[in-house]
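# Observations on the model geometry
Take a look at the letters that make up each chain.
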Amino acid sequence: MTKPEILQLGSYPAWDEEPLNDAFTVHRYFEAADKAAFLARVGGNVRGIATRGDLGASRAIIEACPKLEIISVYGVGYDAVDVEACRARGIHLTNTPDVLTKDVADLAVAMMLAQARGIPAAERWARDGSWTAKGGFPLTRRAWGRRAGILGLGRIGFEIARRLKGFDMPISYSSRAPKAEAEAEGFVYVADPVELARQTDVLFVALAATAETRHIVGREVIAALGPEGMLVNISRGSNVDEEALIEALTTGKLGSAALDVFESEPVFDPRLLTLSNVLLQPHHGSGTVETRKAMGQLMRDNLTAHFSGAPLLTPVL
Ligand code: 8YV
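First, a word on scope: everything that follows refers to the structure included in this document.

Okay, the overall build of the protein next. On a plain count of helices and strands, the protein comes out with 13 helices and 12 strands. Computed over its C-alpha atoms, the radius of gyration of the protein comes to 22 Å, within 12% of the 20 Å expected for a compact globule of 317 residues. On the principal axes, the C-alpha backbone points of the protein span a range of 70 × 50 × 30 Å. Relative to its full complement of 317 residues, the protein shows a buried share of 50%. A sequence separation of at least 24 residues applies to 58% of the contacts in the protein between residues at least 6 apart. Taking the average location of the 34 positive side-chain charges in the protein and that of its 39 negative ones, the two points are 2 Å from each other.

Below is the structure:
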């Protein structure tokens, strides 16, 4: 039986490459020196695209594959995929929800703790001899008991909130509508993100990125969070107005931030490097061996299901 031909837009861990190549005829777009020429040569035969959340699939690539049937994203976020182009052609789209939820929530909470307790700076203090030379590390701020706000109570937001209960943090959230399962946990619904920020000390951004959520954390939300407030973003850089964020962090209008994602990645605004009240992470919320293996498996299983006529496991479209 001939294997379906797929276009691979980016690299995967070694453990994913072999099973992908076993099941499909894989065209490695990301390795082509002349990408346009490569697409012109193989695009006509491509029936599936294997991509990653950070790479998505542009309209140009989709259009270069007239027989395209499915795009399988390694990642829960599919904001980098041209969804309209898929919809117009009836192309299926799948992602990898659920398998990464708890790891992303873990990192969000770890970032809050690291930022509040100054863990990176304190580690340097212990290593570089400051402890001996200067004495104890400067006092930090408590994390437990502070008021948490979750902007976007989807799967990841919900897991963050569940974890924060263990830190005795009162939890409020904003989403399109109140959620019964949140009320059952005692989480308080606050419709307006600015009001949510006003009522909280630590604001977690856990929204899927869309045109509507772009810069939802703007000047007003940041000002409402205030000089003692902390912003934690593990969603997408586009949800936060980074210019407003940098200005507020520089002038002390916002206390601190912990960022796993940026408006431009991996080359982000260098001013962030000069700020001591920012904790920076290289977009690795889902970056554990266990979760990445599960993401790779689900990404392939969706392709396999499609080409064998079985229902998609985690369809978006
Ligand atoms: C990345 C993510 O996709 O799932 C998401 O939406 O942001 C991450 O898991 C991952 O880095 C693979 O590109």
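Structure shown, so let's carry the discussion forward.
In helix packing, the relevant descriptors are the interaxial angle and the interaxial distance, both defined with respect to the helix axes. Packing of helix H5 (residues 101-116) against helix H8 (residues 155-165) brings their axes to within 8 Å, and their N-to-C directions diverge by 50°. Here H5 is positioned oblique relative to H8, judged by the angle of their axes. Seen from above, H5 lies across H8 with right-handed handedness. Note on element contacts: H8 touches H5 through Arg 155, Ile 156, Glu 159, Ile 160, Arg 162, Arg 163 and Leu 164, opposite Thr 101, Lys 102, Val 104, Ala 105, Asp 106, Ala 108, Val 109 and Met 112.

Bringing the state of the cysteines into the picture now. For the coordinates displayed, the defined rule picks out 0 disulfides. Cys 65 takes part in no disulfide bond, and the closest cysteine sulfur, belonging to Cys 86, lies 11 Å away. Classification of Cys 86 as buried rests on a relative accessible area of 0%.

Working definition: two side chains of opposite charge can pair if their charged atoms are close together. This structure, assessed with the given rule, holds 23 salt bridges. Of the charged contacts in the structure, one is a salt bridge between Asp 79 and Arg 236, with a shortest N-O distance of 3.0 Å. Separated by 157 residues along the polypeptide, Asp 79 in the loop between strand S4 (70-74) and helix H4 (83-89) and Arg 236 in the loop between strand S10 (230-233) and helix H12 (242-251) bring together distant segments of the chain. Between Glu 263 and Arg 214 there is a salt bridge; the shortest N-O distance is 3.8 Å. Separated by 49 residues along the polypeptide, Glu 263 in the loop between strand S11 (256-259) and strand S12 (278-280) and Arg 214 in the loop between strand S9 (202-205) and helix H11 (219-225) bring together distant segments of the chain. The class of Glu 263 is partly exposed, set by a relative accessible area of 34%. A residue is classified by how much of its surface remains accessible, and Arg 214, at 49% relative accessible area, is partly exposed. One continuous salt-bridge network, built from bridges that share partners, spans Asp 106, Glu 159, Arg 162 and Arg 163.

Take the nonpolar core next. In terms of nonpolar packing, the biggest core is built from 44 residues, with Met 112, Ile 150, Ile 160, Leu 164 and Phe 204 touching the most fellow members. Of all the elements, H5 adds the most residues to this core, at 9 residues. Structurally, this core is a two-domain feature, drawing no fewer than three residues from each of domain 1 (5-99 + 290-308) and domain 2 (101-280). Filtering out sequence-adjacent residues up to four positions away, Phe 204 remains in contact with Ala 108, Met 112, Ala 148, Gly 149, Ile 150, Leu 151, Ile 160, Leu 164 and Val 232. Formed by 27 residues, the second largest nonpolar core is a distinct cluster that contains Val 190, Val 194, Leu 225 and Leu 272.

Another point: the packing of aromatic side chains. Under the definition given, this model contains 7 aromatic pairs. Ring geometry for Tyr 29 versus Phe 38: centroids 6.5 Å apart, planes at 55°, classification tilted. On the basis of relative accessible area, Tyr 29 is assigned to the buried category, the value being 14%. Taking the relative accessible area as the measure of exposure, Phe 38 reaches 12% and is therefore buried. Arranged with centres 5.5 Å apart and planes meeting at 80°, the rings of Trp 125 and Phe 137 form a pair that is edge-to-face.

Cut-offs and rules
Residues numbered from 1 in each chain as written. Predicted model: local features only at pLDDT ≥ 70, side-chain atom pairs only at ≥ 80, totals over all residues. Heavy atoms only, no water. Helix = DSSP H or I, 4+ residues; strand = E, 2+ residues; numbered from the N terminus. Rg over C-alpha atoms; globule rule 2.2 N^0.38 Å. Buried < 20%, exposed > 50% of the residue type's maximum accessible area, 1.4 Å probe, protein only. Contact = heavy atoms within 4.5 Å. Lys, Arg positive; Asp, Glu negative; His and termini not counted. Charge placed at Lys NZ, Arg CZ, Asp CG, Glu CD. Axes fitted to C-alpha atoms, helices over the stretch in contact; angles between N-to-C directions. Parallel < 35°, antiparallel > 145°, perpendicular 65-115°, else oblique. Left-handed = near helix turned anticlockwise from the far one by under 90°. Disulfide = S-S within 2.5 Å. Salt bridge = Lys/Arg side-chain N within 4 Å of Asp/Glu carboxyl O. Core = buried A, V, L, I, M, F, W, Y, C linked by side-chain atoms within 4.5 Å. Domains from an automatic or database assignment. Phe/Tyr/Trp six-rings, centres within 6.5 Å; stacked < 30°, edge-to-face > 60°.

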